[in-house]
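Okay, here's what each chain looks like letter by letter:
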Amino acid sequence: MAVTIEELYRNYGILADAKDNLSQHKDAYQGILDGVKGGPKEKRLAAQFIPKFFSSFPELADAAINAQLDLCEDEDVSIRRQAIKELPRFATGENIFRVADILTQLLQTDDTAEFNQVNAALISIFKMDAKGTLGGLFSQILQGEDIVRERAIKFLSTKLKTLPEDVMTKEVEEYVFTETKKVMEDVTGEEFVLLMRVVSGLRVLQSVNGRQQLVELVVEQADLEQALNPADPDVVDRLLQCTRQALPLFSKNVHSTRFVTYFCEHVLPNLSTLTSPVAELDIQLEVLKLLAEMSPFCGDMEKLEANLNTLFTKLVEFMPLPPEEVENGENSAGEEPKLQFSYVECLLFSFHQLGKKLPDFLVDKVNAERLKDFKIRLQYFARGLQVYIRQLRVALQGKTGDALKTEENKIKVVALKITNNINVLIKDLFHNPPSYKSTVTLSWKPVQKPDAAAPKRPSGEEVASGAVAKKQITPLPRRDARQIYNPPSGKYSASIGNFNYEQRGGFRGGRGRGFGARGSRSRGRIY
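Residues numbered from 1 in each chain as written. Predicted model: local features only at pLDDT ≥ 70, side-chain atom pairs only at ≥ 80, totals over all residues. Heavy atoms only, no water.

*Asks:* Before we go on, may I ask you to explain the overall build of the chain in this structure?
*Replies:* A count of helical and extended segments in the chain gives 23 helices and two strands. Put simply, the chain has 527 residues, and 52% of those count as buried. Taking as baseline every contact in the chain between residues at least 6 positions apart, the subset at least 24 positions apart corresponds to 75%. Total accessible area on the chain is roughly 24,700 Å²; 47% of this is exposed by carbon and sulfur atoms. (Helix = DSSP H or I, 4+ residues; strand = E, 2+ residues; numbered from the N terminus. Buried < 20%, exposed > 50% of the residue type's maximum accessible area, 1.4 Å probe, protein only. Contact = heavy atoms within 4.5 Å. Areas by Shrake-Rupley, 256 points an atom, 1.4 Å probe, with all protein chains shown as cover.)

Structure (structure tokens):
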């Protein structure tokens, strides 16, 4: 026979009045547990009464938790929310792990209010016992259903950083790192990015040693010991994802050597055959940008000369020879090669950075004929470059304020940065012997504001010369945005063609791409 409202209130009264003799009224508490078999009103009361006296009846602990879980799975969403709201009251002693495990499974709900209730409950028990709560979360990440795993990882990536230091202690952070490494043994691309966000934000890993540990974690994921299969988009995507995650970690003390070496030995030789994991991504430009960003942090390299030679060979490929002249001394129509400025900026910058480590490369390591060919290509490229720089300066001259904020002019400003960068680097290489002293900021990177008084608003002429404050340039906000620069009309622009300016894109593939397929997991309620 189902328990009635009156019986629930009577049993509640018995327990409330018992005070120190609660344990003698086991039957009254059992009567409250039986309330989960009643109607909606009885269930709502049971959801509130069961946790209130839970700690006084340890012999009924399992029965009480199971009764509350039945309410967490009730068809009535209001009953579920009430039961979930009270779950943290069961999180005492050895029960913390189980409650965290249960709440993690409940993250799979599609009801927004219920989902928020689960999140709030998890945060609540985090503050009681962070390590125990993490144990429940990681248990489900490693063994739970895919939807539970996905949402548990997202919970960690968004909520851990909001917890105070007295909750996220050194011991707790070290536990997070240890457990995350276990999860990383079998992850998808999206999961990898989210988990890197989790560990990168840990205070315990903000030292040089900590960042080095993070790099080691990424290196392991990148599988840099294996040769690259350029035809496999999953393999290419894995490399891109890992490199993007490693980039913010590199510094003068945390070197990018292994990644730069891998790019020189395995990626550059296969550049033209790389299969993009995302249809609209210019994979060659993406790879070259990553290499350029890493190159300043490269340490001592075992095969420096060989890798410089690979980089030099690829640079030459993107720097065409001037077209042959016909008898009247004019260039043959329609045969002007394209100058691919975006690619050349990346390759020149990378070569310039690694060249510092072997400054006599162009003097002693390249034969005279090859060096002569390279200088001819440099001269031709520089000539075309000057034409574009002049045209861009004219186009931007006199532009101020809002006029510089139009998309067209923003693109022109970036285009001017690209061409100015190349111009500076080419001048260095024209020195005898070649110099590697100039410093440029890659065109897609934000300009560092000098430590000086607030600058006046620049005129178009100042913009054309490159003296543009960060505020006026406003770097393009979207990492995956693509913009095409169409040079002004004229002899060189018509024959040499257009060049692309593309921001580095983020991960846009679906789950399961690139990082291995995870094995099947148990289904259904396991708590």
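*Asks:* Explanation requested: the packing of aromatic side chains in the structure shown.
*Replies:* In this description, an aromatic ring pair is defined by two values, namely the gap between the centres and the angle between the planes. Within this structure, the stated rule accounts for 15 aromatic pairs. The interplanar angle of 20 degrees and the centroid separation of 6.2 Å between the aromatic rings of Phe126 and Phe155 together place this pair among those described as stacked. Taken together, the positions of Phe126 in helix 7 (residues 112-126) and Phe155 in helix 9 (residues 146-159) put the pair 29 residues apart, joining distant regions of the chain. Of the two residues, Phe126 and Phe155, both sit in the buried class. Between the aromatic rings of Phe312 and Phe361, the centroid separation amounts to 5.9 Å while the plane-to-plane angle is 70 degrees, which identifies the pairing as edge-to-face. With a gap of 49 residues between them, Phe312 in helix 16 (residues 304-317) and Phe361 in helix 18 (residues 361-365) connect regions that are remote in the sequence. According to the relative accessible area criterion, Phe312 is buried, its value standing at 0%. An aromatic cluster is built from Tyr9, Tyr12, Phe49 and Phe53, whose rings are joined through pairwise contacts. (Phe/Tyr/Trp six-rings, centres within 6.5 Å; stacked < 30°, edge-to-face > 60°.)

*Asks:* Please clarify how helix 20 (residues 407-430) should be interpreted in this entry.
*Replies:* Working note: α-helix, 3.6 residues per turn, so residues spaced by three or four point in the same direction. With 24 residues, helix 20 should reach 34 Å at 1.5 Å per residue; the first-to-last C-alpha distance of 35 Å fits that figure. Across the 24 residues that make up helix 20, a large majority, 19, are buried. (Expected span 1.5 Å × (residues − 1).)

*Asks:* Please clarify how the nonpolar core should be interpreted in this entry.
*Replies:* Across soluble globular proteins, nonpolar side chains show a tendency to be buried alongside one another. Tyr29, Ile50, Leu103, Phe351 and Leu362 are the most contacted members of the largest nonpolar core, which totals 157 residues. Examining the composition of this core, we find that 11 residues originate from one element, helix 19 (residues 368-396), more than from any other. Each of domain 1 (1-90) and domain 2 (95-202) contributes no fewer than three residues to this core. Once residues lying within four places of it in the same chain are set aside, the contact partners of Ile50 are Tyr29, Ile32, Leu33, Val36, Ala64, Ala67, Gln68 and Phe90. (Core = buried A, V, L, I, M, F, W, Y, C linked by side-chain atoms within 4.5 Å. Domains from an automatic or database assignment.)

*Asks:* Where do I start with the confidence of the model for the chain in this structure?
*Replies:* If pLDDT is low for a region, its predicted coordinates should not be looked at in detail. The predicted model of the chain averages 84 in pLDDT, with 83% of residues at 70 or higher. In the predicted structure, residues 451-514 sits below a pLDDT of 50 and forms 151 contacts with residues beyond four places in sequence or in another chain. Counting interchain partners and residues more than four positions distant, the pLDDT-below-50 stretch residues 517-527 has 36 contacts. (pLDDT = per-residue confidence, 0-100.)

*Asks:* I tried to follow the pattern of salt bridges on my own but got confused; where do I start?
*Replies:* Under the counting rule described, the total for this entry stands at 23 salt bridges. Here Lys365 makes a salt bridge to Glu305, at a shortest N to O gap of 3.9 Å. Here Lys365 is found in helix 18, whereas its partner Glu305 is found in helix 16, with 60 residues between them in sequence. Among the residues examined, Lys365 registers a relative accessible area of 36% and is labelled partly exposed. The salt bridge partner of Glu407 is Lys410, with a shortest N-O separation of 3.6 Å. With Glu407 and Lys410 both in helix 20 and three residues apart, the pair spans about one turn of that helix. Three or more residues joined by partner-sharing salt bridges are found here, namely Glu150, Lys154 and Glu190. (Salt bridge = Lys/Arg side-chain N within 4 Å of Asp/Glu carboxyl O.)

*Asks:* Whenever I open this one, the environment of Lys417 confuses me. Can you help?
*Replies:* As for its placement among the helices and strands, Lys417 is situated in helix 20. The class for Lys417 is buried, based on a relative accessible area of 15%. Note: C-alpha distance between Lys417 and Thr441 (24 residues apart in sequence) is 8.6 Å.

*Asks:* What am I meant to see in the environment of Gly144 here?
*Replies:* Inspection of the secondary structure assignment puts Gly144 in the loop between helix 8 (130-143) and helix 9. By relative accessible area, which is 1% here, Gly144 ends up buried. Gly144 sits 39 residues away from Gln105 along the chain, and the two C-alpha atoms are 7.7 Å apart.

*Asks:* Mind showing me how you'd approach unusual backbone geometry here?
*Replies:* Keep in mind that most residues, glycine aside, have a negative phi and that most peptide bonds are trans. Note that the residue after Asn432, namely Pro433, is joined by a cis bond; omega there is -5 degrees. Positionally, Pro433 belongs in the loop between helix 20 and helix 21 (460-464). Although it is not a glycine, Asp223 sits at a positive phi angle of roughly 60 degrees. Relative to the helices and strands, Asp223 is located in the loop between helix 12 (208-222) and helix 13 (233-246).

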